[in-house]
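The residues making up each chain are set out below.
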Amino acid sequence: QVYVVESGGGLVQPGGSLTLSCTFSGGTFSSYGIGWWRQAPGKERKFVAAISGSGGRTYYSDSVRGRFTISRDNGKNTVTLQMASLKPEDTALYYCAAGLDRYDTPLMMLYEYNHWGQGTQVTVSS
């Protein structure tokens, strides 16, 4: 059974930085694309960033491109989301998700992910 677990959330001031981590277990890590999604209270879950199984391809939503960086270490079964220049509108529950990556391309659709973590809260406030 595949599991993903998020860590690293917290409270940060506007303009600050935060790094989230996602730890994967239960499968062949390099066969899975990993994505980060977020959900603010009362709103739908939205795509943030994704990375292909090999780590060679990434994709970002327009709202975070240039501020967030996704990376993975296939030797440690982890994915990291480095977040910089944080804004209050980045406040949300952040989810890590895994889905089989057949073509070594980032997975960008909700239905492509089969395994979800419980989420980690990120709050950007002064």
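This text goes with the structure placed above it.
These numbers come from a predicted model, not from an experiment. (Residues numbered from 1 in each chain as written. Predicted model: local features only at pLDDT ≥ 70, side-chain atom pairs only at ≥ 80, totals over all residues. Heavy atoms only, no water.)

**Q** Would you mind showing me how to read the pairing of strand E3 (residues 18-25) here?
**A** On a regular strand, each side chain points to the face opposite its neighbour's, so the side chains alternate between the two faces of the sheet. Across the two faces of E3 the burial differs, with Leu18, Leu20, Cys22 and Phe24 buried and Thr19, Ser21, Thr23 and Ser25 not buried at all. In this sheet, E3 lies alongside strand E1 (residues 3-7) in antiparallel orientation, the contact comprising five bridges. Across the sheet, Glu6 pairs through a bridge with Cys22, a residue of E3. (Buried < 20%, exposed > 50% of the residue type's maximum accessible area, 1.4 Å probe, protein only. Helix = DSSP H or I, 4+ residues; strand = E, 2+ residues; numbered from the N terminus. Pairing = 2+ DSSP bridges.)

**Q** For this particular structure, what's the right way to read the sheet that holds E1?
**A** In sheet architecture, strand pairing relies on hydrogen bonds along the backbone and comes in two forms, parallel and antiparallel. Across the sheet, four strands lie side by side as E1-E3-E8-E7; this open sheet has antiparallel pairing. Each of the sheet's edge strands pairs with one partner strand only, and the pair in question is E1 and strand E7 (68-73). Here the average twist between neighbouring strands, direction ignored, is 15°. (Axes fitted to C-alpha atoms, helices over the stretch in contact; angles between N-to-C directions.)

**Q** Can you walk me through the pairing of strand E11 (residues 120-124) in this structure?
**A** Burial along E11 is one-sided: the face carrying Thr120, Val122 and Val124 is buried and the face carrying Gln121 and Thr123 is not. Here strand E2 (residues 10-12) pairs with E11 via three bridges, running parallel. Within the sheet, the bridge partner assigned to Leu11 lies in E11 and is Thr123. As paired strands, strand E9 (residues 92-100) and E11 are joined by three bridges and run antiparallel to one another. The partner of Ala92 across the bridge, within E11, is Val122.

**Q** What is the right way to read the packing of aromatic side chains from this model?
**A** The relative placement of two aromatic rings is captured by the distance of their centres and the angle of their planes. Under the definition given, this model contains eight aromatic pairs. Ring geometry for Trp37 versus Phe47: centroids 5.5 Å apart, planes at 80°, classification edge-to-face. Remark: Phe47 occurs in strand E5 (residues 46-51) and Trp37 occurs in strand E4 (residues 32-39); sequence separation between them is 10 residues. For Trp37, a relative accessible area of 4% corresponds to the buried category. Assessed through its relative accessible area of 15%, Phe47 is described here as buried. (Phe/Tyr/Trp six-rings, centres within 6.5 Å; stacked < 30°, edge-to-face > 60°.)

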